[in-house]
Amino acid sequence: MSLLDDVAEHDAWRCWVCDEPVDPDKSVNDPRGPSVDSRTADRKAKVPERLAHRACNTRKGAVKAVIAWPDRLYVVEPAPLITVAGRLERKGGREIVGRCPTRKDAQEAADWLVDRFSRLVPGLPVTADIETGGGQFLLILATNRR
């Protein structure tokens, strides 16, 4: 159990897939119980293990996880966040991750993105920028890592 406890403490008892709290008192066999997971299905990849609910881990299986954008956010053509995280980790720079119809919608999405990435990829400091273009507002995630 020490590996589970170490990983869980590092992730502050939050599931990296659904971003919901994980109850440390639940059985590891319970769907909402804790489990240790890798962020990728690639067994050769060197990525740190993360905390996930048993159900989130099982549902993910051997396929790439999908981090859902909240329904409350109005984002057109939202980018797949796991893919964005991987590219920003490898290359750094900036990437357009979606479009919003209003500046208010874009600011809400930008705030959520920075918060979510702080838990999705803890060692990757990102900032979110909003740029206007074509009557819409572009969401851009950026990092200085190269």
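See the structure printed just above.
Report on the accompanying structure.

## Quick look at the nonpolar core
With 38 residues, the main nonpolar core has Trp69, Leu113, Phe117 and Leu139 as its most contacted residues. A per-element tally of this core places helix H4 (residues 103-120) first, with seven residues.

## A short note on the pattern of salt bridges
Working definition: two side chains of opposite charge can pair if their charged atoms are close together. Scanning the model with the defined rule gives nine salt bridges in all. Between Glu108 and Lys104 there is a salt bridge, with its nearest N and O atoms 3.1 Å apart. Of this pair, Glu108 and Lys104 are both found in helix H4, four residues apart, which corresponds to roughly one turn of the helix. What makes Glu108 partly exposed here is its relative accessible area of 30%. A salt bridge links Arg119 to Asp115; the shortest N-O distance between them is 3.0 Å. Here Arg119 and its partner Asp115 are both found in helix H4, four residues apart, which amounts to about one turn of the helix. Look at Arg119 and you get partly exposed, because its relative accessible area is 22%. On the accessibility criterion, Asp115 (39% relative accessible area) is partly exposed. Among the charged side chains, a salt-bridge network with shared partners connects Arg14, Asp19, Asp115, Arg116 and Arg119.

## Side note on unusual backbone geometry
Located in the positive-phi region is Ala12, a residue other than glycine, with phi close to 55°. Mapped onto the fold, Ala12 is located in the loop between helix H1 (2-10) and strand E1 (34-38). Even without glycine at this site, Glu77 takes up a positive phi of about 50°. Considering the arrangement of structural elements, one finds Glu77 in the loop between helix H2 (54-60) and helix H3 (81-91). On the basis of relative accessibility, which here comes to 60%, the residue Glu77 falls in the exposed class.

Cut-offs applied
- Residues numbered from 1 in each chain as written.
- Predicted model: local features only at pLDDT ≥ 70, side-chain atom pairs only at ≥ 80, totals over all residues.
- Heavy atoms only, no water.
- Core = buried A, V, L, I, M, F, W, Y, C linked by side-chain atoms within 4.5 Å.
- Buried < 20%, exposed > 50% of the residue type's maximum accessible area, 1.4 Å probe, protein only.
- Helix = DSSP H or I, 4+ residues; strand = E, 2+ residues; numbered from the N terminus.
- Salt bridge = Lys/Arg side-chain N within 4 Å of Asp/Glu carboxyl O.

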